[in-house]
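The residues making up each chain are set out below.
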Amino acid sequence: MERSFEKYFRQNRLPHLWCPGCGNGIVMKAIVQAIEKKGLDQDKTVIVSGIGCSSRASGYMDFDTLHTAHGRAIPFATGIKLANPELNVIVITGDGDCTAIGGNHFIHGCRRNVDLTVVLFNNSIYGMTGGQASPMTPTHKKATTAPYGAIDRNFDACRLAEAAGATYVARSTAFHVQHLTDMIAGGIDNKGFSFVEAICQCPTSFGRKNKMADPAKMMMWMRDNAVMKAAWDKLPDDKKTEEKFPIGLFYNESETDYATAYNEVIQIAGGADK
Amino acid sequence: MSKARLMQGNEACVEGALAAGVRFFGGYPITPSTEVAEGMAKLLPTVGGKFVQMEDEIASMGVVLGASLAGKKAVTASSGPGISLKQELIGYAAAAEIPVVIVNVQRVGPSTGQPTAPSQGDVMQARWGTHGDHPMIALSPWSVREAFDTAVMAVNYSERFRTPVILLMDEIVGHLREKVELPEASAIEIYPRRKPTCSRAEGYEPFTPDKDLVPNTANFGEGYHIHVTGLIHDDTGFPIGSPKITREVTKRLHEKIDIARDEITHVEEYFMDDAEYAVVAFGGTARTAYEAVANARKKGIKVGMVRLITIWPFADKAIKKIAEKVKGILVAELNYGQLVGEVERVVAGKCPVELCAKYDMTIFEPAEIEAGIDELVAGGKA
Ligand SMILES: Cc1ncc(C[n+]2csc(CCOP(=O)(O)OP(=O)(O)O)c2C)c(N)n1
Ligand code: SF4
Ligand SMILES: [Mg+2]
């Protein structure tokens, strides 16, 4: 039986190169299911990624796809969207890609409110390079470059995105697949910069270092610690322990997106008919 | 010809890019290139194009590559530190074969250097600035009108060869104001975006080279579902860890420029017919060198000038020919000595090659180059 989402994958490029138990495949599938749900034209949808294990997803997806340089997916995606606003542009990025080397592009992408949907595969680690600490590695967790536990404080990318001006901000996990799909679909709906953090497991580079080498255990951790936003808001502060985190839609405001605003510039400059 | 206008080199570069069909610009302000961004911000929307001021030069480079992949001819501009920041993605453009033009209005470096002062210190960076093996095209104008013409050429070459092209201006020409007459649009030849030659069903591969070794890669949004990556890839566009493909792709990237070398290497000669000595110069420095050569002629020295418009690929043939006929060559450049190494390589001992270098924020005085000519004549082979 052919499953309906299969048409969104380049069958001849599979199997993927990810480790057994890796969460990237789950998030990638949630993206195509959101695309299917929203009925996006496959010929008019572009997937743009940076560099990292997660960013390899673009090669497996049957659209126009762009595997850029480390951290730079958002500027490339901005150029694509502004050059041809009829294209739906979805960005795939990792926690290191998006918030370390690409951090400046991330906040300015949010600020410009270009109509992009950015899905951050947050596995709390630099997966591809073998487990170094990222700006989203939780404090005290171990990494090859933090063998005694990270002392750096970690980013909350959702709060960062909201503060920087993103008009849609949500979080979900690889355990909550249906919810994750809905969060991404909501981001596609939003005409502006949409940011979805997808918490996912890297058993190989993060799990093994942090007493969670079993991918199933990592997913149970997501199940046990993710709290839906409505419940989170009611949770007393002493119950909001270090491990617990909220998921759901955090912010959604309608603001003029960059391409629409620029069309006004073209009108004023008198270039509309050229 | 349109009516004569007083115009700055940087402005002429904007006009040339627009005339060649550029409809997208991404940049970040930096002296002495800022007027390129300002001109683009003003003029692009008047022709339905878009300008975006990015958060830095890396983003500026990324945004123009994205725009180019989506079908718009795109340009970015910067100087010194900004050009250094762009290097990784200039390499991306070379590897993924994305047409783009990078305007570098050179200033004194390294680092912040002398931000407002002229220099020609980025000759070698233009060629080798990004990592790895790759070809490069770089053009350098000596006048405001030529800033327009080379901007058109740069855009055309980037499209034709699907490669990054550097418009290697300098502060002298960038900020120079001259009366110019720009050609009518109908007189300007434009190289259009290359198009796929077959459909997906017929087995289209986005990186299969055409006869000229350049692929006819589709734009995003045209239904071809192409994959673009900075990893070494085969004709399908997908990465492959194969020594054979790595070798072939690296070779083709170079050869697509090499086989067109004669056509894209523009050199102009002045007073060379009976010349016994030659001054080699380019960009703003060539203006002074021209005067110096004219003065030396008045003194009875049979000296001519060879002006490189195309800096990369280097004008091997033209320089070799000169070396066979003159008694000595003087290379005048506004740096510690960069182009001179290429001249020496090509001349290969056939005649003496001397360097007239200047790296003190100021432009050459004709007398300084004349002194260089005098020395060359005194010490050159009999
Ligand atoms: C400019 C540059 N610096 C460093 C690297 C090496 N590098 C490749 S992927 C990566 C980290 C990826 O981590 P993340 O973005 O979290 O993605 P993941 O692999 O975890 O999915 C690094 C540092 C690179 N490719 N380019
Ligand atoms: S290293 Fe981690 S992120 Fe990379 S494929 Fe393996 S499990 Fe996935
Ligand atoms: Mg990661």
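Only a predicted model underlies this, so the values are computations on that prediction, with no experimental measurement involved.

The rules behind these values
Residues numbered from 1 in each chain as written. Chains lettered and ligands numbered in written order. Predicted model: local features only at pLDDT ≥ 70, side-chain atom pairs only at ≥ 80, totals over all residues. Heavy atoms only, no water. Pairing = 2+ DSSP bridges. Helix = DSSP H or I, 4+ residues; strand = E, 2+ residues; numbered from the N terminus. Axes fitted to C-alpha atoms, helices over the stretch in contact; angles between N-to-C directions. Contact = heavy atoms within 4.5 Å. Donors = N, O, S within 2.8 Å, 3.2 Å for Na, K, Ca; no water. Buried < 20%, exposed > 50% of the residue type's maximum accessible area, 1.4 Å probe, protein only. Near = heavy atom within 4 Å. Nonpolar A, V, L, I, M, F, W, Y, C, P; charged D, E, K, R; others polar. Disulfide = S-S within 2.5 Å. UniProt positions renumbered as here; feature names shortened; annotations may be inferred. Domains from an automatic or database assignment. Buried area = accessible area lost by both parts, 1.4 Å probe. Salt bridge = Lys/Arg side-chain N within 4 Å of Asp/Glu carboxyl O. Polar contact = N/O pair within 3.5 Å; in protein donor to acceptor, adjacent residues only side chain to side chain.

K.L.:
Pulling in residues and values, what's your account of the sheet that holds strand 16 (residues 353-357) of chain B?
P.N.:
Residue and element names in this part refer to chain B. Pairing in this open sheet of five strands is mixed, and the strands run 11-13-12-15-16 from one edge to the other. The open sheet has two free edges, formed respectively by strand 11 (267-270) and strand 16, since each of these has just one partner strand. Recorded for the sheet is a direction-independent mean angle of 20° between the axes of neighbouring strands. As paired strands, strand 12 (residues 277-282) and strand 15 (residues 328-333) are joined by four bridges and run parallel to one another. Each residue of the ladder has a partner; that of V279, found in strand 15, is L330. The strands touched by helix 13 (residues 366-379) within the sheet are strand 12, strand 13 (303-308), strand 15 and strand 16, with strand 15 carrying the most contacts at an inclination of about 155°.

K.L.:
Please provide a residue-by-residue account of the coordination of the magnesium ion (ligand 3), values included.
P.N.:
All names here are of chain A. Every protein donor of the magnesium ion (ligand 3) is listed here as D95 (OD), N123 (OD1) and I125 (O), and their distances to the metal cover 2.1 Å. All donor residues of the magnesium ion (ligand 3) come from one chain, and their arrangement in sequence is D-x27-N-x1-I. Placement of the pair is D95 in helix 3 (residues 95-101) and I125 in the loop between strand 4 (117-122) and helix 5 (157-164), with a sequence separation of 30 residues. Note on accessibility: D95 and I125 belong to one class, buried.

K.L.:
Now, about the site of ligand 2: what can you tell me, with residues and values included?
P.N.:
Residues and elements named next belong to chain A. The environment of ligand 2 is formed by W18, C19, C22, N24, C53, N123, G127, C202, P203, T204 and S205. In terms of residue count, the dominant contributor to the shell around ligand 2 is helix 7 (residues 203-207) (three residues). Each residue belonging to the shell around ligand 2 can be placed in one class, and the counts come to six nonpolar, five polar and no charged.

K.L.:
Talk me through the state of the cysteines; I want residue IDs and the actual numbers.
P.N.:
Each disulfide consists of one covalent bond between the sulfur atoms belonging to two cysteines. All names here are of chain A. Applying the stated rule across the entire model yields zero disulfides over all chains. No disulfide involves C110; its sulfur sits 7.6 Å from that of C98, the nearest cysteine. Look at C110 and you get buried, because its relative accessible area is 0%.

K.L.:
Tell me about the UniProt feature "domain: Thiamine pyrophosphate enzyme TPP-binding" (unreviewed entry) in chain A, residues and numbers included.
P.N.:
In this structure's numbering, the residues bearing the UniProt feature "domain: Thiamine pyrophosphate enzyme TPP-binding" (unreviewed entry) are residues 51-197 of chain A. As annotated, residues 51-197 of chain A has a helix share of 33% and a strand share of 18%, and its two end C-alpha atoms lie 17 Å apart.

K.L.:
Give me the domain arrangement of chain B: which residues, what numbers.
P.N.:
Residues and elements named next belong to chain B. Here chain B is described as being made up of domain 1 (4-187) and domain 2 (268-381). Centre-to-centre, using C-alpha coordinates, domain 1 lies 27 Å away from domain 2. Listed by partner, the interface residues are 28 residues for domain 1 and 24 residues for domain 2. Buried area between domain 1 and domain 2, summed over both chains or domains, comes out near 2100 Å², and the portion from carbon and sulfur atoms is 62%. Viewed at the interface, domain 2 and domain 1 are joined by two salt bridges. R287 is the salt-bridge partner of E178, the closest N and O atoms lying 2.7 Å from each other. Across the domain 1-domain 2 interface, the total number found is 15 residue pairs in polar contact (both at pLDDT 80 or more). Residue assignment for the side of domain 1 that touches domain 2 shows that the elements contributing at least two residues are strand 6 (114-118), helix 5 (123-128), strand 7 (137-139), helix 6 (144-161), strand 8 (164-170) and helix 7 (171-174). Ranked by residue count, the leading element in the side of domain 1 that touches domain 2 is helix 5, at four residues. Split into classes, the residues belonging to the side of domain 1 that touches domain 2 amount to 16 nonpolar, seven polar and five charged.

K.L.:
Kindly report on the interface of chain A and chain B, identifying the contributing residues and their values.
P.N.:
For interface size, the figure often reported is the accessible area lost on association. In this assembly, 41 residues from chain A lie in contact with 43 residues from chain B. Taking both sides of the interface into account, the surface hidden between chain A and chain B amounts to around 3300 Å²; carbon and sulfur atoms contribute 58%. The largest per-residue losses of area from chain A upon contact with chain B belong to D64(A), F76(A) and Y262(A), which jointly make up 17% of the total buried on that side. Our count for the chain A to chain B interface comes out at two salt bridges. Linking chain A with chain B are 24 residue pairs in polar contact (both at pLDDT 80 or more), by the criterion used here. Listed by contribution, the elements that provide at least two residues to the side of chain A that touches chain B are strand 2 (64-67), helix 2 (73-83), helix 4 (103-112) and helix 10 (258-269) of chain A. The dominant element in the side of chain A that touches chain B, judged by the number of residues it contributes, is helix 2 of chain A, at seven residues.

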